[in-house]
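Here is what each chain is made of, one letter per residue.
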Amino acid sequence: MYDIKKWDISIRNLYEVYSKLTRDVCFQRSDCTATEEEILLIEKSLCIEIPPSFKECLMTYTKSLVFSASLPDDFALPQELSQIFSAGFSWSLDILMESEESRKGWVEACFSDPDDKYDKVWHNKLAFMSVSNGDHIAFDLNDSNRDKRVVYLSHDDGEGHGYVLGDNFGDYIEKLIAIGAPGNEDWQVLPFIQNSTSGIDPCCENAKKYRQLIGIHDGV
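Just so it is clear, the structure is predicted and the values come from calculations on it, not from any experiment. (Residues numbered from 1 in each chain as written. Predicted model: local features only at pLDDT ≥ 70, side-chain atom pairs only at ≥ 80, totals over all residues. Heavy atoms only, no water.)

Q: Summarise the environment of Tyr18; cite the residues concerned and give the values.
A: Along the chain, Tyr18 falls in helix α1 (residues 7-19). Since its relative accessible area comes to 0%, Tyr18 is described here as buried. Sequence-wise, Tyr18 and Ser82 are 64 residues apart; in three dimensions their C-alpha atoms are separated by 17 Å. Setting aside residues up to four positions removed in sequence, Tyr18 forms contacts with Val25, Phe67, Ala69, Leu71, Ala87, Gly180, Ala181, Tyr210 and Ile214. Here the side chain of Tyr18 touches Tyr210 through a polar contact of 2.9 Å, side chain to side chain. (Helix = DSSP H or I, 4+ residues; strand = E, 2+ residues; numbered from the N terminus. Buried < 20%, exposed > 50% of the residue type's maximum accessible area, 1.4 Å probe, protein only. Contact = heavy atoms within 4.5 Å. Polar contact = N/O pair within 3.5 Å; in protein donor to acceptor, adjacent residues only side chain to side chain.)

Q: Got a sec to walk through the side chain of Asp8? Specific residues and values, please.
A: Along the chain, the position of Asp8 falls in helix α1. Residue contacts for Asp8: discarding those within four places in its chain leaves Phe27, Arg29 and Tyr61.

Q: Just give me the short version of the nonpolar core, but keep the residues and values in it.
A: Counting residues in hydrophobic clusters, the biggest one holds 57 residues, and the most contacted among them are Tyr18, Phe67, Phe89, Trp91, Phe128 and Tyr172. The residues contacting Phe89, other than those within four sequence positions of it, are Ile11, Leu65, Val66, Phe67, Met129, Ile173, Leu176, Ile177, Ala181 and Asn184. Core analysis: the next-biggest nonpolar cluster, separate from the first, contains 8 residues, Val107, Trp122, Ala127 and Val164 among them. (Core = buried A, V, L, I, M, F, W, Y, C linked by side-chain atoms within 4.5 Å.)

Q: Go over the side chain of Arg211 with me, naming the residues and quoting the values.
A: Residue placement: Arg211 occurs in helix α8 (residues 205-214). Arg211 sits in the buried class, given a relative accessible area of 3%. One polar contact links the side chain of Arg211 to the main-chain carbonyl oxygen of Pro202, over a distance of 2.9 Å.

Q: Run through the layout of surface pockets, naming residues and quoting values.
A: Roughly 210 Å³ of volume is contained in the second largest pocket. Along its surface, the second largest pocket is lined by Val121, Lys125, Asp140, Arg149, Val151, His161, Gly162, Tyr163, Val164, Ser196 and Thr197. Here the lining of the second largest pocket is composed, by residue class, of 4 nonpolar, 4 polar and 3 charged. (1 Å grid on protein atoms, 1.4 Å probe; cavity = no way out; pocket = protein on both sides within 12 Å on 5 of 7 lines; lining within 4 Å. Points joined across faces, edges and corners; volume = space filled by probe spheres on them. Nonpolar A, V, L, I, M, F, W, Y, C, P; charged D, E, K, R; others polar.)

Q: Before we move on, could you go through the pattern of salt bridges and cite the residues and values that matter?
A: Taken as a whole and assessed by the stated rule, the structure comprises 16 salt bridges. For Glu49, the salt bridge identified is with Lys55, shortest N-O distance 3.9 Å. On the basis of relative accessibility, which here comes to 18%, the residue Lys55 falls in the buried class. Bridged by salt links that share partners, the residues Glu43, Glu49, Lys55 and Arg146 form one connected network. (Salt bridge = Lys/Arg side-chain N within 4 Å of Asp/Glu carboxyl O.)

Q: Quick rundown of empty space enclosed by the protein? Include the residues and the values.
A: Over the atoms, a rolled probe matching the size of one water molecule traces out where space is still vacant. Applying the stated criterion to the full structure yields 1 cavity of 30 Å³ or more. The space that makes up the largest cavity amounts to roughly 40 Å³. Tallied by class, the residues present in the lining of the largest cavity amount to 7 nonpolar, 2 polar and no charged.

See below:
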């Protein structure tokens, strides 16, 4: 299981780490948690059960969180990490419907053919995090497990399209925090993923290297 209560400490530590590198850093967390009634209302509207580890986070930690940081333009990174320019992730019960409506909009406008290999990835998902470039991070409702895996949806033929990011929400967030929470565009997180089904690996060499570069020296 995931120790969601420790996430706040870990994210605050990341805030301190990035604050030493840049002034462009933000950590905002709502003091409110979601009520059972709010969750049920959203689930009824979506006709989808919110996956358990995400629901637990919303009801016991916070219903809304934003973490972001921009690396300085002159921050030196090796070639294998050179596409990383920021850090960040977010979630919000209040905009869950908006994220999902955006995914549905992409399906209707561009990815309507479930028999097409690329389009199919956009179908039967629940988007919960929007990426600034128009992509989405979503729960894969095709997953037979109740706590659905987290996958990346690219609208522009991105290399990470359909990649698994975590076995579920808890696994995804813990591993993302562990590698230093690089920005959520696929090209920023792919250096920490071995293949399309492996998910984020906080023990890989690139993760160790990135943590050291941003000032985390105590490992995973």
